[in-house]
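# Structural overview for review
So you can see what is in the structure, the chains are spelled out below.
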Amino acid sequence: MGFPWRKAKTPQQINREQKKQDNEAHSRMDSIYAELEQARVNAYNQKIPAEDRAAFDEYFKNAIQLAKEPKTVRFDTTEIDQLIKDSVLVLENAQNCGTSETVKSCFRSIKYGLTMAHDDVPTNAVVTTTIKRRVDMLTRLFYIAQYSLDLDKRNDEMAKLIREFETLSAEHRQAAEELQDLIDAKPEEWKRLNELTDDPNAKLSGYQKEMVAAMDTTLHLQQAVDNAQMQIGAIKQANETQENVIRTLREQIRTAEYAIDENSVDRIAALTDSYVEDEVATQKLMDQLDECADKFNKAVQRLHADVRNKQHAIKTRERYQEMLEDERQKNEDAQKGMELAREHREILNHVLNEENEEENEEVYMV
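Predicted, not measured: the structure shown is a model, and the values here were computed from it.

What counts and how
- Residues numbered from 1 in each chain as written.
- Predicted model: local features only at pLDDT ≥ 70, side-chain atom pairs only at ≥ 80, totals over all residues.
- Heavy atoms only, no water.
- Helix = DSSP H or I, 4+ residues; strand = E, 2+ residues; numbered from the N terminus.
- Buried < 20%, exposed > 50% of the residue type's maximum accessible area, 1.4 Å probe, protein only.
- Contact = heavy atoms within 4.5 Å.
- Areas by Shrake-Rupley, 256 points an atom, 1.4 Å probe, with all protein chains shown as cover.
- Salt bridge = Lys/Arg side-chain N within 4 Å of Asp/Glu carboxyl O.
- Phe/Tyr/Trp six-rings, centres within 6.5 Å; stacked < 30°, edge-to-face > 60°.

### Quick word on the overall build of the protein
Helix and strand content of the protein: 10 helices and 0 strands. Helices and strands in the protein line up, N terminus first, as α-α-α-α-α-α-α-α-α-α. The buried share of the protein, reckoned over its 366 residues, is 36%. For the protein, contacts bridging at least 24 residues in sequence account for 83% of all contacts bridging at least 6. Accessible area for the protein stands at about 22,900 Å²; split by element, carbon and sulfur atoms hold 51% of it.

### A short note on the pattern of salt bridges
Inspection of the entire model under this criterion finds 11 salt bridges. R192 is the salt-bridge partner of E189, the closest N and O atoms lying 3.9 Å from each other. Of this pair, E189 and R192 are both found in helix α6 (residues 187-194), 3 residues apart, which corresponds to roughly one turn of the helix. Residue classification places R192 among the partly exposed residues on the basis of a relative accessible area of 46%. Where salt bridges share partners, they join E101, R108 and R250 into one cluster.

### Side note on the packing of aromatic side chains
One pass over the structure, following the stated rule, counts 7 aromatic pairs. Plain terms: the ring middles of F56 and Y59 are 5.8 Å apart, the flat faces sit at 45° to each other, and that makes the pair tilted. In this pair, F56 and Y59 are both assigned in helix α2 (residues 50-68), 3 residues apart and thus about one turn of the helix distant. A centroid spacing of 5.0 Å and a plane angle of 85° characterise the contact between F60 and F107, whose relative ring orientation is edge-to-face. Of this pair, F60 sits in helix α2 while F107 sits in helix α4 (residues 100-114), and the two are 47 residues apart along the sequence.

Here it is as C-alpha cells:
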C-alpha cells in the first residue's frame, strides 16, 4: 500500500543517488582491479604446468582490462562485486596450492561477474528478477571454484597420508619380521612366553622381554597403519561429497542458466549446509584419529618401560594372538570370496555356453 503524502523524488535527488551509486561501484571495481594486478604477479605451484600458466597470463590481462574499464550500469552491483572479489581471493589461493582446473573455475566466475553480470538490464525485463538471477548464477560459479580448491587441499592431504601409510606399513612388516627372527632363534623362549601365567614364581627372562617389546612395537604399528587407513577413508568420503556438490552445481548451470526458479538459492544453501555439516563431522573424526595416533606414538616411546611388568607381557601376548587371528580370518574370508567368485564365473560361463548352443540350433533349424 502506498503513502499518498510521501513526495516523489525530484530529478536532482535521483541524479545524486545515481551518482553516489556509480561512485561506489567504481570504487569497488578499482579494488577488484588492484587485487587482480596483485594476483597476476603471484607464483604458481608445481601442479600447474607451464602451458596453462601462459594461458592464465592471458586470462589475467583480459580480466584486468575489464576491471580497468568497467561498464556503467544503472542498478546496484554490490552483491555481484563482492562475489567477484571473493573469487579473486580463491584464485590467489589456487595459484598457491590448487590445480589448473580450479584456477580455470576462478576465472570463469570472475569473467561472468565482470561481463554478463554487469550488462545493462533489458528494458522489457524486471530489474530485481534479473539481478537476482545473475547473483544466483555467480554464486554457483563461486561455489564451484571454492569447493574445487577445498578438494585440491584434501587431495594434497590424502597424498601425504598415503605416503605415511606406506612408510608405516613398511615399518610394520619389518617389526613383524624382527619378531619372527627372535622366535626362530629361540622357539623355546617363545613357548615359555606363551605359557606365562600370573604365578608369582614365574619370571620373564631378558630374551622374553625382548620378544614382548617386539610384539608391542608390531601391535602399535598395526594400530598406526589402521589409523592412517581410517584417515584416508574419511578424506575420500569428504571428497566424494564435494565432488557431488560440484557436479550438481555444474549441472544446474548447464540446464538452468536462463530459467532459474525461485528455489535455486535455497537448493544451493541446502547443498552448502550439507557440505559444511559433513566437513565438521569429518574434521571431528580427523581430530579424534590424530589424538589416537598421538597416543600410539607415545605408547611406542614407552615400550621398554612397559615390558618390565609381567602382566603387561601377558596382555601383549594375548593382543598379538588376537591380531594374528584377525589376519588369519581375513585371509580365510578372502580365499572363500575368491572361491565363490570362481564358482559364479564357471556357472555363468556354463549358462552362456548353453544359450549360445540353443541359438546355433535355432539358426540351423531355420
